[in-house]
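A closer look at the structure
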There are 4 protein chains.
Amino acid sequence: MRVVMKFGGTSVGSADAIRQVAAIVKESRQNHEVVVVVSAMNAPDLRTTDTLIAAAHAAAQGEGDATAHVAPRLLDLHMRAAAELAPPDACAALETEIRTMLDYLSDLSRSIAVLGELTPRALDLFSGLGERLNARLIAAALRAAGVPAEAIDATELIITDDRYGAASPIMDETTARSRKRLLPLLEAGVVPVVTGFIGATRTGVPTTLGRGGSDYSCSILGACLDANEVWFWKEVDGVLTANPKVVPEARSLRVLSYSEMAELAYYGANVLHPKTVLPLVQRNIPIRIRNTFNPSHPGTLIGEGRGDRTARAVTAIKEVSMITVGGPGMLGLAGVAARIFIAVARAKANILLISQASSEQSVCFAVPLAEAPAAVAELRKELENEFSAHDVEHIDVKDSVMIIAVVGSGMRGTPGIAGQVFGAMGEAKINVIAIAQGSTENNISLVVSAADGDEAVRAIHRSFAL
Amino acid sequence: MRVVMKFGGTSVGSADAIRQVAAIVKESRQNHEVVVVVSAMNAPDLRTTDTLIAAAHAAAQGEGDATAHVAPRLLDLHMRAAAELAPPDACAALETEIRTMLDYLSDLSRSIAVLGELTPRALDLFSGLGERLNARLIAAALRAAGVPAEAIDATELIITDDRYGAASPIMDETTARSRKRLLPLLEAGVVPVVTGFIGATRTGVPTTLGRGGSDYSCSILGACLDANEVWFWKEVDGVLTANPKVVPEARSLRVLSYSEMAELAYYGANVLHPKTVLPLVQRNIPIRIRNTFNPSHPGTLIGEGRGDRTARAVTAIKEVSMITVGGPGMLGLAGVAARIFIAVARAKANILLISQASSEQSVCFAVPLAEAPAAVAELRKELENEFSAHDVEHIDVKDSVMIIAVVGSGMRGTPGIAGQVFGAMGEAKINVIAIAQGSTENNISLVVSAADGDEAVRAIHRSFAL
Amino acid sequence: MRVVMKFGGTSVGSADAIRQVAAIVKESRQNHEVVVVVSAMNAPDLRTTDTLIAAAHAAAQGEGDATAHVAPRLLDLHMRAAAELAPPDACAALETEIRTMLDYLSDLSRSIAVLGELTPRALDLFSGLGERLNARLIAAALRAAGVPAEAIDATELIITDDRYGAASPIMDETTARSRKRLLPLLEAGVVPVVTGFIGATRTGVPTTLGRGGSDYSCSILGACLDANEVWFWKEVDGVLTANPKVVPEARSLRVLSYSEMAELAYYGANVLHPKTVLPLVQRNIPIRIRNTFNPSHPGTLIGEGRGDRTARAVTAIKEVSMITVGGPGMLGLAGVAARIFIAVARAKANILLISQASSEQSVCFAVPLAEAPAAVAELRKELENEFSAHDVEHIDVKDSVMIIAVVGSGMRGTPGIAGQVFGAMGEAKINVIAIAQGSTENNISLVVSAADGDEAVRAIHRSFAL
Amino acid sequence: MRVVMKFGGTSVGSADAIRQVAAIVKESRQNHEVVVVVSAMNAPDLRTTDTLIAAAHAAAQGEGDATAHVAPRLLDLHMRAAAELAPPDACAALETEIRTMLDYLSDLSRSIAVLGELTPRALDLFSGLGERLNARLIAAALRAAGVPAEAIDATELIITDDRYGAASPIMDETTARSRKRLLPLLEAGVVPVVTGFIGATRTGVPTTLGRGGSDYSCSILGACLDANEVWFWKEVDGVLTANPKVVPEARSLRVLSYSEMAELAYYGANVLHPKTVLPLVQRNIPIRIRNTFNPSHPGTLIGEGRGDRTARAVTAIKEVSMITVGGPGMLGLAGVAARIFIAVARAKANILLISQASSEQSVCFAVPLAEAPAAVAELRKELENEFSAHDVEHIDVKDSVMIIAVVGSGMRGTPGIAGQVFGAMGEAKINVIAIAQGSTENNISLVVSAADGDEAVRAIHRSFAL
């Protein structure tokens with residue numbers, strides 16, 4: 001079985017963690033072809049990527065030696081880890097490589113200072129450096145652990161357009177290059193350790209993939225290499241049924257469908273953004289979320305299949321405002337929904353939930369608390385004429401609300417789920433302000449007062465014995 | 001107490017019905033000042049207004065004598081009723097009046113035929129004639145029953161703009177004229193019998209008020225005359241808890257709030273469109289819906305007050321399609337909701353319900369079955385680019401669904417109502433496809449398969465013991 | 001030779017004039033096949049078409065007998081002329097026909113009064129009646145003069161769209177119908193006397209062709225019948241070199257090119273609007289403008305050919321404002337010309353002349369005096385930002401100016417013409433405010449102060465010995 | 001008298017020229033307070049600014065030592081001149097300064113190469129360097145000639161927005177800084193030698209002013225310092241009556257009005273763009289154009305006044321196309337002028353001249369030859385419907401034409417000028433294709449065939465004895 005696996009965050013943030021990574025890869029390699037994708041090393045006291053970006057900005061402010069105090073710390077961070085993970089000669093070779101890269105950094109920094117500006121293109125040269133350092137360190141650690149490994153810059157593999165800071169891959173070229181470069185290594189029993197987050201344009205200029213970039217890199221390579229599975233190693237035992245801070249008995253789910261994962265993406269840091277795994281979903285490649293620090297736990301397997309006929313998880317969005325536009329003339333008023341959402345878009349407010357019950361007397365929707373005032377202002381402007389004609393009579397805003405979402409792809413088509421959700425609310429004496437359940441979504445969303453939110457989550461978790 | 005009351009439909013459709021009307025007015029007059037508003041006489045075998053409109057169209061096709069065979073039938077319809085309701089001399093006077101009006105009709109008809117076209121203005125001259133005939137007949141019936149009464153054309157009272165076929169009242173002038181003309185009659189103990197549906201421009205050209213016109217006439221006069229209550233006499237004992245054809249144990253509601261009535265307006269023929277009663281709601285004038293054929297029943301009283309802390313009624317919209325637009329890139333896609341509803345508006349489709357649950361993966365909404373194909377076509381055009389970018393991946397349509405709405409202004413803020421609604425669905429093993437409950441609405445809407453619809457209505461009615 | 005000839009205005013305004021028409025037709029018929037197109041009879045004391053239109057409006061105001069006093073006068077007008085032109089029996093037949101038509105008019109009038117409104121479609125029924133009466137009268141006069149003739153309503157021949165009041169012909173159907181109806185008459189030696197101005201839709205509803213309608217009718221028939229020439233009989237000896245009220249020695253031109261005629265169309269009543277003769281120009285059919293009251297004069301022949309190498313005529317437009325938009329930043333300002341003319345179009349002002357000399361510092365143009373204020377207001381709005389940026393600094397308006405146009409298709413390509421025009425201005429000490437000569441136009445336009453206008457016309461006329 | 005004077009082009013292009021500059025400044029200083037503005041040194045074999053820009057582009061292509069071979073040549077260019085103009089010790093000091101600046105250049109170059117891209121901001125750092133070098137050289141030359149002088153970077157004086165490459169001055173701050181920095185020097189008898197072309201943002205980032213930048217710098221300083229006159233030293237004796245290559249007897253004009261200068265700006269390299277001198281025109285500060293190499297010649301004085309009552313100069317634009325849009329339906333076609341120029345703007349074609357004579361049959365305008373095909377293509381697209389409706393029938397293009405402009409602010413309002421212009425054309429037997437004279441312009445433009453152009457210029461020059 002061919003597995004592309006990604007390690008990020010604290011999973012690659014210390015020598016201990018990387019030793020763990022090496023053990024996992026070594027173990028996995030016994031049964032599988034393994035490709036590793038890694039993020040930058042983010043130690044608690046030195047977050048590599050943030051540090052690099054800060055240095056780039058300092059350079060643009062004229063600090064030509066912006067990296068002068070950063071470079072030694074980065075060298076030290078990586079070499080201290082190396083010392084624990086690899087033999088001295090390997091460390092020496094690694095140090096030479098890292099010094100070369102840090103010299104380049106210093107060169108970049110000085111150039112930016114001379115020119116006095118930081119372009120998105122120049123920032124991408126900086127911000128992807130952490131991954132390059134870490135890939136080399138981890139490859140050395142793997143070799144020290146007896147695993148043949150080679151660090152590879154994704155600039156060789158992932159070809160993107162030139163939207164610096166948020167580039168998109170060009171899949172056919174990326175596929176060709178990745179297979180040409182990586183398949184021979186896999187055949188030779190070597191584990192490629194590929195930098196996450198970065199790519200390059202056709203002419204070779206480095207780019208970064210934007211938010212969730214390392215996850216995206218891993219998905220791209222998984223798709224290009226026809227992986228049998230793609231594993232994302234995190235710090236938890238998979239996807240949880242609820243936030244354990246709110247629900248102490250929250251537990252990890254064995255399996256999850258792609259669509260359930262997508263529903264959950266909005267909420268927690270530990271889930272994958274649906275767009276970053278699109279290459280895998282399109283090819284129906286199973287995804288596994290596992291715990292670097294508890295590798296014997298099977299984690300959560302995410303795939304096409306349909307889950308149990310019940311709710312699977314319950315989550316919450318806090319700091320939400322509920323806006324309602326209504327009036328006696330809205331019944332049959334052509335295009336008013338469009339105009340409401342045009343106004344909201346103009347205010348650049350994100351729409352978290354919409355609910356218009358069937359009598360057409362009003363439309364209600366939720367936006368983040370901070371974005372509500374602008375949305376309301378734009379609505380008042382847009383609907384001025386309707387106000388004077390009494391077609392629209394009020395725009396109400398409820399500020400202290402929370403959205404609770406109950407997720408489960410199998411609950412769709414299952415009688416009684418909604419009853420159980422709202423029954424739980426009734427028992428807990430929690431008033432439900434608004435409800436939305438879309439027809440293809442595996443999600444019942446309810447709006448409750450902020451004060452009731454945590455208890456609502458617990459009540460649902462309890463009711464479904466999640 | 002001053003009461004403006006309206007009789008329409010079958011309440012004024014036969015001699016027997018009109019005798020009943022006379023009895024009601026006579027009885028009411030003992031304690032109240034009464035103003036009567038009437039529709040045209042629609043007998044089962046001769047629907048006056050439809051007949052008049054058909055004749056107008058025939059005239060425009062060149063039939064100069066389009067009314068030649070219509071006029072005698074209308075005369076006969078009204079005079080046969082008159083013969084049962086009024087003494088011979090009153091009948092003779094009435095016949096003279098009706099003949100004059102029918103001669104005018106024939107004149108109109110011939111003129112339209114000569115000119116060969118039917119303008120909206122000319123159509124309004126035709127279509128309001130039935131009310132004029134009937135007001136005269138009913139006034140005669142009242143007098144025969146010993147009630148002093150006078151037929152009055154609303155062209156004297158209700159001043160409108162000149163949008164023929166759908167005119168709007170100009171309230172200040174209408175108030176002045178109505179009070180000047182009607183208050184002296186009321187003081188003199190005379191019951192004015194006013195034509196519904198029609199008005200006139202400032203220069204005296206007759207107009208019609210469009211859909212629900214007689215109800216609107218009654219509301220306008222109720223508001224202008226500061227009525228204490230406004231009564232709409234229908235063929236049922238008030239507003240029902242459900243459609244009795246679906247739920248045999250459906251019963252009439254004693255009281256209802258304005259907003260509950262507005263929620264119910266969308267569904268059944270027996271409820272008032274919120275815009276037609278806006279003049280009353282704005283002035284907080286109580287509305288009563290009563291049964292002409294069961295006048296001892298108190299009917300339903302509609303006012304400002306808040307109902308019980310429970311559901312009040314359950315209704316259904318049939319022939320509905322559910323459209324869902326979704327894809328992995330919709331999360332965070334700016335303005336996509338606006339663009340979806342712009343496309344729907346362009347397709348001239350009415351939006352019956354919207355639901356977007358909180359994960360932003362999709363937006364779903366319901367439109368009438370017949371309007372779905374155009375809406376989908378416009379959506380495909382609008383979102384073409386998003387499709388190619390895989391931001392949007394599917395537009396699904398579910399054709400055989402029904403919307404069930406549970407209404408009750410007191411259920412808002414009451415824990416457990418939603419639980420009870422969905423609990424009822426669960427017990428009945430009915431799958432809920434989508435849910436929407438807006439924050440100010442007194443309405444939980446659920447979408448279920450068409451096959452489950454009637455049973456869903458019954459289950460809810462049963463559960464709440466409506 | 002086949003000739004379609006049109007008589008309008010005072011040429012058909014009295015018995016004497018019609019006798020003249022009959023003489024002309026009789027004479028022409030000796031050598032040619034002749035089709036006659038006629039306008040309504042406009043006697044000095046009774047302008048038929050205006051009278052009819054006024055009656056229609058009166059009817060809409062409720063005067064059912066609006067035609068009651070008009071009909072006898074129209075009958076009298078036509079019958080008095082008939083008495084002079086035709087024998088008693090023909091007069092009797094004509095009177096019957098005219099009475100029938102006037103009865104229809106009275107019917108129309110009463111119908112409009114009953115309905116109380118006048119639609120464009122109904123107005124067309126009225127306004128084309130004068131042509132119908134006159135065609136019958138003139139046909140009778142021709143027969144009395146020994147010319148076989150038949151009056152024909154153009155509703156049988158000219159098929160149009162349904163833009164009442166300004167309909168456009170559908171040429172292929174019109175050609176088919178005209179040839180089928182008229183060619184047999186011509187073969188039989190009968191002169192068709194066709195009504196100008198009117199046509200009918202495919203379904204037979206009468207229409208009118210709008211401004212210049214009778215000229216247009218004549219052109220349409222000339223084109224449909226492949227006429228060898230089309231003659232327009234007017235009250236002058238052809239197209240004049242200048243307005244004789246300003247220039248006493250103005251004289252008639254022998255020949256003129258189509259494009260010269262088009263240049264002159266803008267100015268005087270005696271020339272044909274280029275769009276009304278487009279059917280002839282497209283088929284290269286020669287046009288002749290002749291004098292009904294001086295038929296021995298050859299008039300002006302208008303055709304494709306190129307005129308002499310000199311100026312041919314000089315004309316003036318009075319009541320003109322000159323607007324200039326300028327500023328230091330206009331040089332190279334993209335799209336400013338477009339935006340200026342967008343603003344002018346929004347103000348619904350007609351542009352009579354544009355001149356922007358080559359340095360791009362300003363654009364100047366002329367509009368009718370009455371339309372200048374709106375144009376200036378729109379310009380100020382449109383160019384607000386350019387004003388603040390000092391790109392545009394002034395919008396000047398000169399109110400008392402006249403445009404003088406010197407026309408001659410042969411003067412293009414002839415050195416010295418412009419010199420002679422402006423030399424004449426110099427000698428007359430007249431200051432030229434602006435100049436425009438477009439590259440394909442046979443026209444030099446100059447703007448002079450209103451006070452200098454007449455003298456400028458005279459000076460040019462003199463200089464070219466026109 | 002306070003004079004701000006600018007030397008550019010070949011006036012500062014060699015040691016000889018700069019010696020001449022020094023002599024002029026020395027002489028001027030006897031009677032005036034003098035501020036000098038200078039361009040970069042453009043020797044025939046080494047155009048400084050172009051060389052710098054080329055080096056910047058080379059650096060972005062990765063040539064880190066792009067300036068390696070450029071710097072010595074620039075050093076040599078300036079130091080060879082210095083050796084002729086200044087004593088050895090001054091040369092040594094200058095060399096140190098220049099070397100520092102060239103080192104910075106090399107630094108910039110290396111930085112751009114490291115980052116691999118050239119932003120507009122970075123380009124401005126390069127492209128303004130020539131002025132900095134030259135200001136220092138010229139200040140040294142002045143001092144050597146006994147004139148106390150100080151080189152000043154305009155980055156200290158002229159504050160601009162941050163549109164790199166085409167920045168606009170912020171006048172109030174520029175005024176404050178310029179006066180604070182320069183007035184004390186003037187009082188102390190020191191001549192400031194200010195760099196043209198460059199400025200800086202409020203935060204001190206260097207910018208350039210775009211096209212005509214050094215002229216603009218000089219105008220800005222003239223305005224900020226309330227100069228009595230502003231002199232532009234060129235290579236000719238002022239503004240000429242015509243191009244001496246075409247008209248051997250062309251001569252320099254003594255005086256010229258601002259508006260005449262603006263009219264001439266379009267044509268020759270030796271005249272000032274009206275926007276660059278706007279600060280002077282707004283303050284009514286006289287401008288003088290003088291000849292560096294013939295300083296005893298008074299040159300041309302440009303001011304508010306009105307010139308003689310005749311033509312002043314005649315110029316030509318070559319490589320022009322004349323486009324004419326016409327058709328029988330254009331008369332009265334609303335908004336067609338706007339749509340024509342919208343199409344032309346969309347094609348990004350510059351409009352050099354417009355002429356629409358008064359009959360509204362066509363609009364004609366001139367654009368540069370190279371831009372005509374795109375304009376015509378856009379016109380065909382825009383007017384497609386009008387073509388099918390035969391309202392517009394032709395779009396003609398005449399490719400080999402020239403525009404001749406006769407300029408003179410006094411000729412406006414003077415009878416006979418136009419006559420003389422076109423009389424001259426007639427005598428020379430030159431056909432005038434189109435004419436435009438706008439109402440406030442001091443300009444008669446005529447379009448003639450390219451073959452006739454030079455002769456037309458000569459004929460007019462001769463006729464007016466310019």
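Each value, and the rule that gives it
- Residues numbered from 1 in each chain as written.
- Chains lettered and ligands numbered in written order.
- Predicted model: local features only at pLDDT ≥ 70, side-chain atom pairs only at ≥ 80, totals over all residues.
- Heavy atoms only, no water.
- Helix = DSSP H or I, 4+ residues; strand = E, 2+ residues; numbered from the N terminus.
- Contact = heavy atoms within 4.5 Å.
- Areas by Shrake-Rupley, 256 points an atom, 1.4 Å probe, with all protein chains shown as cover.
- Least-squares fit on C-alpha atoms with pLDDT ≥ 70 in both.
- Buried area = accessible area lost by both parts, 1.4 Å probe.
- Salt bridge = Lys/Arg side-chain N within 4 Å of Asp/Glu carboxyl O.
- Polar contact = N/O pair within 3.5 Å; in protein donor to acceptor, adjacent residues only side chain to side chain.
- Nonpolar A, V, L, I, M, F, W, Y, C, P; charged D, E, K, R; others polar.
- Buried < 20%, exposed > 50% of the residue type's maximum accessible area, 1.4 Å probe, protein only.
- Pairing = 2+ DSSP bridges.
- UniProt positions renumbered as here; feature names shortened; annotations may be inferred.
- Arc of directions from axis to C-beta.
- Axes fitted to C-alpha atoms, helices over the stretch in contact; angles between N-to-C directions.
- Parallel < 35°, antiparallel > 145°, perpendicular 65-115°, else oblique.
- Left-handed = near helix turned anticlockwise from the far one by under 90°.
- Phe/Tyr/Trp six-rings, centres within 6.5 Å; stacked < 30°, edge-to-face > 60°.
- Lys NZ or Arg CZ within 6 Å of the ring centre and 35° of its normal.

Thoughts on the overall build of chain A
The helix and strand inventory of chain A stands at 15 helices and 18 strands. Counting only contacts in chain A whose residues sit at least 6 apart along the sequence, the fraction spanning at least 24 positions is 75%. Accessible surface computed for chain A: about 16600 Å², of which carbon and sulfur atoms make up 50%.

A word on the relation of the copies chain B and chain A
Between chain B and chain A, which share one sequence, the superposing operator has a rotation angle of 178 degrees and an axial displacement of 0.1 Å; the RMSD is 0.3 Å. Taken together, these values place the two copies in the relation of a two-fold axis. Taken together, the interface assignments show that 97% of the residues at the interface of chain B recur at the interface of chain A, consistent with an identical surface on both copies.

A short note on the interface of chain B and chain C
With 14 residues of chain B at the contact, the number on the chain C side is 13 residues. Together chain B and chain C conceal approximately 1300 Å² of surface at their shared face, both sides included; 51% is due to carbon and sulfur atoms. Across the chain B-chain C interface, the total number found is 2 salt bridges. Arg110(B) is the partner of Asp107(C) in a salt bridge, and the nearest nitrogen-oxygen pair spans 3.9 Å. Applying the counting rule to chain B against chain C returns 6 residue pairs in polar contact (both at pLDDT 80 or more). Going through the elements one at a time, helix H4 (88-115) and helix H5 (120-127) of chain B are the ones with two or more residues in the side of chain B that touches chain C. Per-element tally for the side of chain B that touches chain C: the top contributor is H4(B), with 8 residues. A class-by-class count of the residues in the side of chain B that touches chain C yields 7 nonpolar, 3 polar and 4 charged.

Some remarks on the pairing of strand E19 (residues 443-449) of chain B
Residues and elements named next belong to chain B. Along E19, 6 of the 7 residues are buried, which leaves the element largely enclosed by surrounding structure. Sheet analysis places strand E17 (residues 394-407) next to E19, joined by 7 bridges and oriented antiparallel. Its bridge partner lying in E19, Val-401 is registered against Ser-449. Inspection of the sheet shows strand E18 (residues 432-437) paired to E19 by 4 bridges, in the antiparallel sense. Residue pairing across strands places Val-432 opposite Val-448, the latter belonging to E19.

Overview of the UniProt feature "binding site: substrate" (unreviewed entry) in chain A
Residue and element names in this part refer to chain A. Feature annotation in UniProt places "binding site: substrate" (unreviewed entry) on Thr-49 and Glu-131, given in this structure's numbering. A stretch of 83 residues holds the annotated residues, and the largest C-alpha distance among them is 8.4 Å, short enough that they meet in one place. Along the chain, Thr-49 turns up in helix H2 (residues 48-60). Taking the relative accessible area as the measure of exposure, Thr-49 reaches 14% and is therefore buried. Assignment of secondary structure puts Glu-131 in helix H6 (residues 129-144).

Some thoughts on helix H12 (residues 372-382) of chain C
Residues and elements named next belong to chain C. Residues Ala-372, Ala-375, Val-376, Glu-378 and Leu-379 constitute the buried set of H12. Along the long axis of H12, the arc covered by the buried residues comes to 165 degrees, so they all point the same way. Exposed and oriented more than 90 degrees from the buried face of H12 are Pro-373 and Lys-381. At its buried positions, H12 is contacted by strand E14 (313-326), helix H11 (336-346), strand E16 (362-368) and strand E17 (394-407).

Focus: the packing of helix H2 (residues 48-60) of chain C against helix H3 (residues 70-85) of chain C
Residues and elements named next belong to chain C. The geometry of H2 relative to H3 is characterised by a closest axis approach of 11 Å and an angle of 165 degrees between their N-to-C directions. Relative to H3, the element H2 is oriented roughly antiparallel. The crossing of H2 and H3 is left-handed. Side by side, H2 and H3 meet where Thr-48, Thr-51, Leu-52 and Ala-55 of the first sit next to Val-70, Leu-74, Leu-77 and His-78 of the second. Residues that form the contact of H2 with H3 fall into these classes: 5 nonpolar, 3 polar and no charged.

Some points on the packing of aromatic side chains
For the coordinates displayed, the defined rule picks out 16 aromatic pairs over all chains. Here the aromatic cluster, defined as three or more aromatic residues joined through ring pairs, consists of Phe341(A), Phe365(A), Phe341(B) and Phe365(B). Above the face of the Trp231(B) ring, Arg290(B) is positioned so that its terminal group lies 4.8 Å from the ring centre.

Re the pattern of salt bridges
Tallied over the full model, the rule gives 108 salt bridges over all chains. Note that Asp226(A) is salt-bridged to Arg179(A), the shortest N-O span being 3.5 Å. Here Arg179(A) lies in helix H7 (residues 171-187) and Asp226(A) lies in the loop between helix H8 (213-224) and strand E9 (229-234), a separation of 47 residues in the sequence. Look at Arg179(A) and you get partly exposed, because its relative accessible area is 27%. Here Arg181(B) and Glu156(B) are joined by a salt bridge, their closest N and O atoms 2.7 Å apart. Taken as a pair, Arg181(B) in helix H7 (residues 171-187) and Glu156(B) in the loop between strand E5 (149-152) and strand E6 (159-160) lie far apart in primary sequence, 25 residues in all. Under the relative-accessibility criterion, Arg181(B) is labelled partly exposed at 25%.

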